[in-house]
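# Structure at a glance
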Amino acid sequence: MSKFQFPESIKSRPVYGTLEPRGDVAYLLVADAEGAEAIYDLATAGAHVARNAHIIYLPNETGDKYTGMLQALNPAQLYIGPSYEAALSRIQRVLSNARMGLQVCLSGTEGLMGKALIEVSAAGIPHSAVQFEHSGSVARRMQCVHCKGITENVSTDPFVCSHCGLNLFVRDHYSRRLAAFQGVCIDAEDPGNVPDPVELYS
Amino acid sequence: MSIQFNKETFRDDYSFHNSERAIKRFPFPFHEDSYMYAVNMEQHQGGPKDSVYEMRFDVDEHYVAEMQDRAQVLADDPLRCQSLPHMTLAGWDLLELIMVSKSEDYPEFFELQRDGLYWRWINKPLGIDDSFTFLDESTLPYGPMEYICRQTQGDFCVLDQRDEMLWMDAGMVTTQADWSLDFDIGMNFFEWHAPVPLAHEMGIFKRALKFLLNIQQGTPARRLNWTMTVNPLLDTSPENYHKWGIQKTSLTPENIGGKQFLRVELQTFFRLPRSNALVFPIRCYLIAFEDIVSVPKWGRRLHRVIRDLPVELATYKGFIDNRPMMLDYLSEYDDGLPTSPGVWPELDTEPSLQAV
Ligand code: HEM
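Described in the following lines is the structure provided in the data block. All values reported here derive from a predicted model rather than from experimental measurement.

## A closer look at the overall build of chain B
Counting its secondary structure elements, chain B contains 13 helices and ten strands. For a compact globule of 356 residues, the expected C-alpha radius of gyration is about 21 Å, and chain B comes in at 20 Å, within 12% of that figure. Sorting the 356 residues of chain B into buried and exposed places 60% on the buried side. Sequence separation of 24 or more characterises 71% of the internal contacts of chain B that already satisfy a separation of 6 or more. When the accessible surface of chain B is summed, it comes to about 14,600 Å², and 52% of that surface belongs to carbon and sulfur atoms. Here chain B carries 34 positive and 54 negative side-chain charges, and the mean point of each set is 3 Å from the other.

Given below as structure tokens:
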């Protein structure tokens, strides 16, 4: 599996690593889509991980491509859900019961990792106990700085705000509180002059 | 000293104006003929009489109009004032700091009576006379930070200090140079400064943070920052950029003198006693180009600074497209004579403008 290398950027932009097994403790693994591969690699690197793991997995557009692979790991608990929103109360419930030492591993898209991190932080899990691995789409979760609406899965720059309809350019400035990058009107100084959208990182 | 408060607006017809006094005391930010980012911090323990540095919180002729503009911005967008739950005590600290400072520095305008926790606050320019219980939120119409910041010129960031780091966990931000409190709240010092060019590589933010972490109660500090704004618009927020951005294209060689403003921020830093938070007031002063060049030294110098400013800074500050027109205008006020060091106008000693 080839991993996307994000180019160096400004200091608010998160950077991600590679999931690594730690002690023989409980693991909460939250992943979407290709993030399943990171879980597979983790469980392969540490034989003790799967039997201690609660996996919350959202296949999204990958359908059942990876679900068999995760089942074969034989984790302590495996939940495969239709959407993040559907899984949210489960994630909160698991975190509310977290014991000291719980390791949290987030993998997949930036939007998924960012949203899950909000819950993990709210539950008071120390950030030293949280790991990240990006895999799959480089699409971003964007906040429109004008109307405050969030547009998920933005894969082009510029893009149209799904709430207010303004044409926004994609900044690297990132808010962990919102789990979103910032989108700013691109044609404010020259109304109507909107460049053709380009795929992010193309 | 008595101040006549201007009837003026910072939007629509832009009737904002500076008196002779306001021009002479303008915090001109350039102490030499060039500019680059630096850790430009000094103690904030007063300054020359009648200068903007004299008092802890300068009150000037724009006070009442600025507070009206702020109320309008907040009515349109309440997210300009936010405070994370653990920051309420810091809000009380800030309220106390401002009430004590203003009532001591401007007794003709502000009065604070304290009987234990029972306080009475009189703000004559705004017609406010409120009695409340210190540390009891239910006795004020707003949270303590919002209450006092609605009565004080300048934006306010209240920074929590933990893990050898500052966190922007509360603020009132309605006169900002194009950054969003709603987006930045909760960030740390390096994260909210992320968009600034060059300064990270120069090590400026590392050194600045070290300085700030060590600021003690009773020894506040200050620095200046600056940018450019077309029209005397206080609310140059990213939130409203899709509305005001177009105004940048309205400059012409004929109107630039009255329409292009130098925007200077007097930034101060105070340690707060109970919360150990740091408060960062950002006071915005605006001056039209035509008023700057009425001071010969400032006209000469502004031309040289803008001409030689690195492209990265002119771009970040948002005036790269208008720079050529600014230089055409300003060059008329630069006769090539040397300028004296320091920021003061030196009207009596600096030569008047020679034919260019
Ligand atoms: C703790 C107090 C401070 C706060 C809350 C603060 C906040 C900010 C914010 C929000 C920005 C705008 C960033 C953006 O583009 O989104 C900014 C810019 C900047 N800050 Fe700070 N800052 C603080 C202290 C300092 C200090 C001590 C320095 C000292 C060198 C400094 C240097 C700068 C510089 C150079 C810029 C770019 C300004 C420009 O070119 O117009 N800041 N600051």
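## Re the pattern of salt bridges
Once the charged atoms of two side chains with opposite charge are near each other, the side chains can pair. A full pass over the atoms with the stated rule returns 35 salt bridges over all chains. Note that E133(A) is salt-bridged to K3(A), the shortest N-O span being 3.8 Å. Of the two residues, E133(A) is situated in strand β5 (residues 130–134) and K3(A) in the segment before β1 (27–32); the sequence distance between them amounts to 130 residues. Across the pair K148(A) and D182(B) runs a salt bridge whose closest N-O atoms are separated by 3.2 Å. Separated into two different chains, K148(A) in the loop between β6 (140–144) and β7 (150–154) and D182(B) in helix α5 (residues 181–184) make up a pair that spans both. Here K148(A) matches D182(B) in class, with each residue buried. Each of K148(A), R177(A), D182(B) and E239(B) takes part in a single network of salt bridges with overlapping partners.

## Topic: helix α11 (residues 296–308) of chain B
Residue and element names in this part refer to chain B. Between its terminal C-alpha atoms α11 stretches 19 Å, which fits the 18 Å expected from 13 residues at 1.5 Å a residue. α11 sits mainly inside the fold: eleven of its 13 residues count as buried. Where α11 is buried, its residues touch α1 (20–24), β8 (221–230), α10 (289–292) and α13 (323–331).

## Some details on the layout of surface pockets
Each pocket or cavity is described by its volume, and for the second largest pocket that value is around 1,100 Å³. Lining the second largest pocket are 34 residues; nearest its centre among them are L117(A), S121(A), H127(A), R176(A) and W167(B). Mapped by element, the contributors of at least two residues to the lining of the second largest pocket are α4 (110–122), β5 and β10 (167–175) of chain A together with β7 (165–172) of chain B. The biggest single contributor to the lining of the second largest pocket is α4(A), with seven residues. The residue inventory of the lining of the second largest pocket, partitioned by class, reads 16 nonpolar, nine polar and nine charged. Two domains each donate at least three residues to the lining of the second largest pocket, and these are domain 1 (27–134) and domain 2 (140–193) of chain A.

## Regarding the site of the ligand
Residue and element names in this part refer to chain B. Among the 23 residues in the neighbourhood of the ligand, the closest are listed as Y37, W192, H193, Y316 and K317. Y37 is positioned such that a nitrogen or oxygen atom in its side chain is 2.4 Å from an oxygen atom of the ligand. Between the ligand and N225, the relevant distance is 3.4 Å, taken from an oxygen atom to a side-chain nitrogen or oxygen of the residue. Of all the secondary-structure elements, those providing two or more residues to the shell around the ligand are β6 (155–162), α6 (189–192), α7 (204–213) and β8. Of the residues that constitute the shell around the ligand, the class distribution is 19 nonpolar, two polar and two charged.

## Brief notes about the packing of α11(B) against α13(B)
Residue and element names in this part refer to chain B. For the pair α11 and α13, interaxial distance at closest approach is 9 Å and the crossing angle is 155°. When the axes of α11 and α13 are compared, the pair comes out roughly antiparallel. In terms of crossing hand, the pair formed by α11 and α13 is left-handed. Counted together, L302, H303, I306 and R307 of α11 and R323, M326, L327, L330 and S331 of α13 form the full contact between these two elements. Looking at the contact of α11 with α13 residue by residue, the class counts come to five nonpolar, two polar and two charged.

## Overview of the interface of chain B and chain A
Facing 24 residues of chain B, the contacting portion of chain A comprises 23 residues. The contact between chain B and chain A buries some 2,000 Å² in all, and 60% of this surface belongs to carbon and sulfur atoms. Taken as a group, F183(B), Y241(B) and H242(B) account for 32% of the area that chain B buries against chain A, more than any other trio of residues on that side. R176(A) serves as the salt-bridge partner of E191(B), at 2.4 Å between the closest nitrogen and oxygen. Here chain B and chain A share twelve residue pairs in polar contact (both at pLDDT 80 or more) between them. Going through the elements one at a time, α5, α6 and α8 (241–244) of chain B are the ones with two or more residues in the side of chain B that touches chain A. Looking at side-chain class alone, the side of chain B that touches chain A contains twelve nonpolar, seven polar and five charged residues.

## Notes on the sheet that holds strand β3 (residues 110–115) of chain B
All names here are of chain B. Taken in spatial order, the three strands of this open sheet run β3-β4-β5, and their pairing is antiparallel. With one partner strand each, in any of the chains shown, β3 and β5 (128–133) form the two edges of the open sheet. Across this sheet, the average inter-strand angle for adjacent strands is 10°, counted without regard to direction. In this structure, strand β4 (residues 118–123) lies alongside β5, joined through six bridges in antiparallel fashion. Within the sheet, the bridge partner assigned to W121 lies in β5 and is D130.

## What to know about the environment of N225(B)
Residues and elements named next belong to chain B. With respect to the helices and strands, N225 occurs in strand β8. Taking the C-alpha atoms as reference, N225 lies 5.1 Å from E265; in sequence the two are 40 residues apart. Dropping the residues within four chain positions of it, N225 is found in contact with Y35, R263, V264, E265, Q267 and K317.

## Some points on the sheet that holds strand β9 (residues 159–160) of chain A
Residues and elements named next belong to chain A. Sheet architecture is open: five strands sit in the order β7-β6-β11-β10-β9, paired in mixed fashion. The outermost strands of the open sheet, each flanked by one partner alone, are β7 and β9. Lying over the sheet, α4 contacts β6, β7, β10 and β11 (180–185), oriented at roughly 65° with respect to β6.

About the cut-offs
Residues numbered from 1 in each chain as written. Chains lettered and ligands numbered in written order. Predicted model: local features only at pLDDT ≥ 70, side-chain atom pairs only at ≥ 80, totals over all residues. Heavy atoms only, no water. Helix = DSSP H or I, 4+ residues; strand = E, 2+ residues; numbered from the N terminus. Rg over C-alpha atoms; globule rule 2.2 N^0.38 Å. Buried < 20%, exposed > 50% of the residue type's maximum accessible area, 1.4 Å probe, protein only. Contact = heavy atoms within 4.5 Å. Areas by Shrake-Rupley, 256 points an atom, 1.4 Å probe, with all protein chains shown as cover. Lys, Arg positive; Asp, Glu negative; His and termini not counted. Charge placed at Lys NZ, Arg CZ, Asp CG, Glu CD. Salt bridge = Lys/Arg side-chain N within 4 Å of Asp/Glu carboxyl O. Expected span 1.5 Å × (residues − 1). 1 Å grid on protein atoms, 1.4 Å probe; cavity = no way out; pocket = protein on both sides within 12 Å on 5 of 7 lines; lining within 4 Å. Points joined across faces, edges and corners; volume = space filled by probe spheres on them. Nonpolar A, V, L, I, M, F, W, Y, C, P; charged D, E, K, R; others polar. Domains from an automatic or database assignment. Near = heavy atom within 4 Å. Polar contact = N/O pair within 3.5 Å; in protein donor to acceptor, adjacent residues only side chain to side chain. Axes fitted to C-alpha atoms, helices over the stretch in contact; angles between N-to-C directions. Parallel < 35°, antiparallel > 145°, perpendicular 65-115°, else oblique. Left-handed = near helix turned anticlockwise from the far one by under 90°. Buried area = accessible area lost by both parts, 1.4 Å probe. Pairing = 2+ DSSP bridges.

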